[in-house]
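Analysis of the macromolecular model
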Amino acid sequence: MTGWQLFSGIAIAAVLFALATEPGPAVTIEAEAFDDTCPECLGVADTRKAEGASGGRIVALRESGWAEYQLRAAPGRYELWLTCGGNSSQQAGAVSVNGGPKVLIRDESKRLPLVGEYTPEQRAQLEEFARTFNRLSAGVVKLAGEPVPLRISHAGAGDYSASFCVDKLELVPVPAGTKPTIQIGTGFGETRMYQLPKVEGRPAPAWLQEAETLCGWYRPLKQDDFDDFLSKFSIIIGNPTPRQKWYEQFHQRGVKAICYVTFRNWNKPEAAHKELEPDASRATFFKPVYEALPEHWYVVDESGERISPFRPDYHHGERAIPCLNCPGVIEAALAGAKAELDAGADGLFVDNVWPCAKCYGAEVGWHEHIWPEFNSISTYLQLMHRVRELCDSYDPPKVLIMNNLGKMEVTKVYADISLRESYITSHASKGRVNDFDYVLDTARKWAPYIKAGRMVCGLSYSTGNKEDSYYTYACARLSDFMWTDWGASKGKETEILYWLRLGECISDIHRRQGVYYRCFENGFVGVNPDKEQTISVPLRMPRQYGTLVDYYDDVEIVQHGKFIRVTIPPDSGRVYGPAL
């Protein structure tokens, strides 16, 4: 489900009634109870009740969900206030009035640390937060007495929760002569966008920052595959068996080994033997996990039934979600992660970074919960904090790559690389699923993260189309992202994209006559997003490249003075670099 989605199912008035012609007191409307439920709650493009948010009844989940109301008041300027359900994490949402640009608003109130032991005083404060609503200003809007649509969506920005809950809307008249700090919609003033918060923590290690591509290899690893193909990568993600043998070969060739793990998608007890067979690819991880797991470790619904990590028939129904709030489960997960790192892995790739549905294990008597006041986001962050500490306990520190973008982006503070799965092309759809506006918006959003020394990788599933491969690669590098298609182009004419080394980024994104381009030490990438016209244009270069190769057509292009002329077909990307 994508785009703006009609909000329905909330039993509240859709109209703020008209006031008298003279500005009156503040207009207030409160939400009534919203009883819809959501098995996965977070991670679906829908408008639902947010798990763990006290009193949250108007909720827009993820960027594709939205709630719409009709604002109508006497003509004049009003400050729009939203009262948000208190919980143990900060929140962020976006507001659009009358079809205007989305304005990001944030709950900047102080929150308790999500990790660590709590004193009685801290616990009391946490309970108080659960009963407290946070009143936030969304800015000033000019109304003319006619109904104006207000849209609210989840912002998905910064170190904030993965939902946005609203309990009350207010319009407060702004006195004449008052200069507003934020203005929104209806053509009144300019929109002010808040900046993303600063990213804290150490930068990714140099060898990781120098990598431009990586490979995910989940098949059995054969010597021929490694010698002829995989050894050309600098980073491989997978579960090769036996571990020590393959890790030794990786390291001899200068290849870094990153082990695949998941803390959401485990075999049920009756199917656990499949993970523990001698040749099972994930036995190294799961042996210490299953040895340490308590009984009834899995997430259950109100009836005590185990919940599938995804759909009910996933892996023939053999998979369950671990309840990270159950005593001993986080410790078991850490034991498995440590076993992989001790076996020689250079780091971990955490897949399925996605908070689970609400667990009713305590209510039905299956198990206890360590933090009854925590939702699934908080418990997942508890685990990721400790996984980060585990990686940092090695010398040199191990790296942490996470498949988290578009799912649980708050975890980026723990990752060296945050991965965006289905970047432009998806395994679930034919063709491209994101347009070029998405590419630019994503690049801008994550630029501060990359500037802080962290990394973003776009995983673009191969469609078998050469043009798509070059387009997704060029867009990723235009954004200063890494790129991968999980090795799907092995043996094809696009395989050259794996071996390119354009070097360090040396310019911002530039635009000239419709072509977007970015320069690196050894070459540059260009994208023509126009869907109809081929563009031929001279591009100004920041350095003297001399002669480069257009890898798509395998032809040379020559720099003349400060310019290189390129010709890019419609809706296409091209890559230019030294002869290989």
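Basis of the calculations
Residues numbered from 1 in each chain as written. Predicted model: local features only at pLDDT ≥ 70, side-chain atom pairs only at ≥ 80, totals over all residues. Heavy atoms only, no water. Axes fitted to C-alpha atoms, helices over the stretch in contact; angles between N-to-C directions. Helix = DSSP H or I, 4+ residues; strand = E, 2+ residues; numbered from the N terminus. Parallel < 35°, antiparallel > 145°, perpendicular 65-115°, else oblique. Left-handed = near helix turned anticlockwise from the far one by under 90°. Contact = heavy atoms within 4.5 Å. Nonpolar A, V, L, I, M, F, W, Y, C, P; charged D, E, K, R; others polar. Pairing = 2+ DSSP bridges. 1 Å grid on protein atoms, 1.4 Å probe; cavity = no way out; pocket = protein on both sides within 12 Å on 5 of 7 lines; lining within 4 Å. Points joined across faces, edges and corners; volume = space filled by probe spheres on them. Polar contact = N/O pair within 3.5 Å; in protein donor to acceptor, adjacent residues only side chain to side chain. Core = buried A, V, L, I, M, F, W, Y, C linked by side-chain atoms within 4.5 Å. Buried < 20%, exposed > 50% of the residue type's maximum accessible area, 1.4 Å probe, protein only. Arc of directions from axis to C-beta. Phe/Tyr/Trp six-rings, centres within 6.5 Å; stacked < 30°, edge-to-face > 60°. Lys NZ or Arg CZ within 6 Å of the ring centre and 35° of its normal. Salt bridge = Lys/Arg side-chain N within 4 Å of Asp/Glu carboxyl O. Right-handed = clockwise from strand over helix to strand, strands pointing away.

Thoughts on the packing of helix 7 (residues 329–342) against helix 9 (residues 376–392)
Two quantities define a packed helix pair, namely the angle between the axes and the distance from one axis to the other. Contact pair helix 7 / helix 9: the axes reach a minimum separation of 10 Å and the direction vectors enclose 30°. Between helix 7 and helix 9, the crossing angle belongs to the class labelled roughly parallel. Along this stretch, helix 7 crosses helix 9, giving a crossing that reads as right-handed. Only Thr379, Gln382, Leu383, Arg386, Val387, Leu390 and Cys391 of helix 9 make contact with helix 7, whose side of the interface consists of Ile330, Glu331, Ala333, Leu334, Ala337, Lys338 and Leu341. The residue makeup of the contact of helix 7 with helix 9, split by class, is nine nonpolar, two polar and three charged.

Details of the packing of helix 6 (residues 283–292) against helix 7
For the pair helix 6 and helix 7, the least separation of the axes is 7 Å and the interaxial angle reads 150°. Between helix 6 and helix 7, the crossing angle belongs to the class labelled roughly antiparallel. For the element pair helix 6 and helix 7, the recorded crossing hand is right-handed. Contacts between helix 6 and helix 7 involve Thr284, Phe285, Pro288, Val289 and Ala292 on the former and, on the latter, Ala332, Ala333, Ala335, Gly336, Ala337, Ala339 and Glu340. Considering only residue class, the contact of helix 6 with helix 7 consists of nine nonpolar, two polar and one charged.

Examining the sheet that holds strand 16 (residues 347–351)
Read across the sheet, eight strands follow the order 11-12-13-16-17-18-19-20 without closing on themselves; strand pairing throughout is parallel. Each end of this open sheet is capped by a strand with a single partner; those strands are strand 11 (215–217) and strand 20 (482–484). Neighbouring strand axes in the sheet, compared pairwise and without regard to direction, differ in orientation by 25° on average. Across four bridges, strand 12 (residues 235–238) lies against strand 13 (residues 256–262) in parallel orientation. Following the sheet pairing, Ile235 is matched in strand 13 by Lys256. Helix-sheet contacts for helix 7 involve strand 13 and strand 16, and the interaxial angle to strand 16 is about 140°.

Observations concerning the layout of surface pockets
Here the second largest pocket is characterised by a volume of approximately 660 Å³. In terms of lining residues, the second largest pocket is bounded by 27 residues, among which Ile450, Ser479, Asp480, Cys505 and Arg518 are the most central. Elements supplying a minimum of two residues to the lining of the second largest pocket: helix 10 (436–451), strand 19 (455–459) and strand 22 (515–519). For the lining of the second largest pocket, the element with the most residues is helix 10, which contributes six residues.

Structural notes on the environment of Arg512
Among the secondary structure elements, Arg512 is positioned in strand 21 (residues 510–512). Separated by 26 residues in sequence, Arg512 and Pro538 have C-alpha atoms that sit 8.3 Å apart. Discounting chain neighbours no more than four positions away, the residues touching Arg512 are Tyr517, Val537, Pro538, Leu539 and Phe563. Within the local environment of Arg512, its side chain forms a polar contact with the backbone oxygen of Pro538, the two atoms lying 2.5 Å apart.

Quick look at the nonpolar core
Among the nonpolar cores identified, the biggest contains 99 residues, and Phe263 and Trp266 are the most heavily contacted of them. Here the element with the most residues in this core is helix 9; it accounts for eight residues. Other than its neighbours up to four places away in sequence, Phe263 contacts Phe285, Pro322, Leu324, Ala333, Val350, Asp351, Tyr380, Leu383, Met384 and Val387.

Thoughts on helix 4 (residues 243–252)
Owing to its 3.6 residues per turn, the α-helix aligns residues three or four sequence positions apart on the same side. Along helix 4, the residues classified as buried are Arg243, Trp246, Tyr247, Gln249 and Phe250. Across the axial projection of helix 4, the buried residues extend over an arc of 160°, all falling on one side. Counted as exposed and oriented over 90 degrees from the buried face of helix 4: Gln244 and Gln252. Those residues of helix 4 that are buried lie in contact with helix 3 (223–228), strand 12, strand 13, helix 6 and helix 7. Just beyond helix 4, the residue with positive phi is Gly254, at close to 80°.

Some thoughts on the packing of aromatic side chains
On inspection of all chains with the given rule, the structure shows 33 aromatic pairs. Relative to Tyr260, the ring of Tyr218 has its centre 5.2 Å away and its plane inclined at 70°; by these criteria the two rings are edge-to-face. Taken together, the residues Tyr218 in the loop between strand 11 and helix 3 and Tyr260 in strand 13 connect sequence positions 42 residues apart. A connected cluster of aromatic rings, assembled from ring pairs, spans Trp217, Phe229, Phe233, Tyr473, Trp483, Tyr498 and Trp499. A cation over a ring is seen here: Lys256 above Trp207, with NZ or CZ 4.9 Å from the ring centre. Just above the ring of Trp354 sits the side chain of Arg264; from NZ or CZ to the centre is 5.0 Å.

Description of the pattern of salt bridges
For side chains of opposite charge, pairing can occur when their charged atoms come near one another. Applying the stated criterion across every chain yields a total of 21 salt bridges. The shortest N-O distance in the salt bridge between Glu275 and Arg282 comes to 3.2 Å. For the pair formed by Glu275 and Arg282, the shared burial category is buried. Across the salt bridge formed by Asp392 and Arg388, the nearest N and O atoms sit 3.0 Å from each other.

Focus on the pairing of strand 12
Covered by surrounding structure in strand 12 are Ile235 and Ile237 together with Ile236 and Gly238, the residues of both alternating faces. Here three bridges tie strand 11 to strand 12, and the two strands are oriented parallel to one another. Paired with Cys215 across the strands is Ile236, a residue of strand 12. Chirality of the crossover, the property in question, places the unit of strand 11, helix 3 and strand 12 among those that are right-handed. Remark: the strand 12/helix 4/strand 13 crossover connection has right-handed handedness.

Description of the side chain of Thr262
Summarising the element assignment, Thr262 is placed in strand 13. A distance of 3.2 Å separates the side chain of Thr262 from the backbone nitrogen of Arg264, its partner in a polar contact. Among all residues touching Thr262, those that are not within four sequence positions of it are Arg282, Phe285, Asp351 and Asn352.

Side note on the environment of Val537
Along the chain, Val537 falls in strand 24 (residues 535–540). What makes Val537 buried here is its relative accessible area of 0%. C-alpha of Val537 to C-alpha of Val515: the two residues are 22 residues apart in sequence and 7.9 Å apart in space. In this view, Val537 contacts Arg512, Gln513, Val515, Ile564, Arg565 and Val566; residues no more than four positions away in its chain are not counted.

Side note on the pairing of strand 23 (residues 524–528)
Burial analysis of strand 23 places five of its five residues in the buried class, the great majority of the element. Strand direction decides the pairing type here: strand 22 and strand 23, joined by four bridges, are antiparallel. Looking at the pairing, Tyr516 lines up with Val527 of strand 23. Between strand 22 and strand 23, which pair antiparallel in sequence order, lie four residues.

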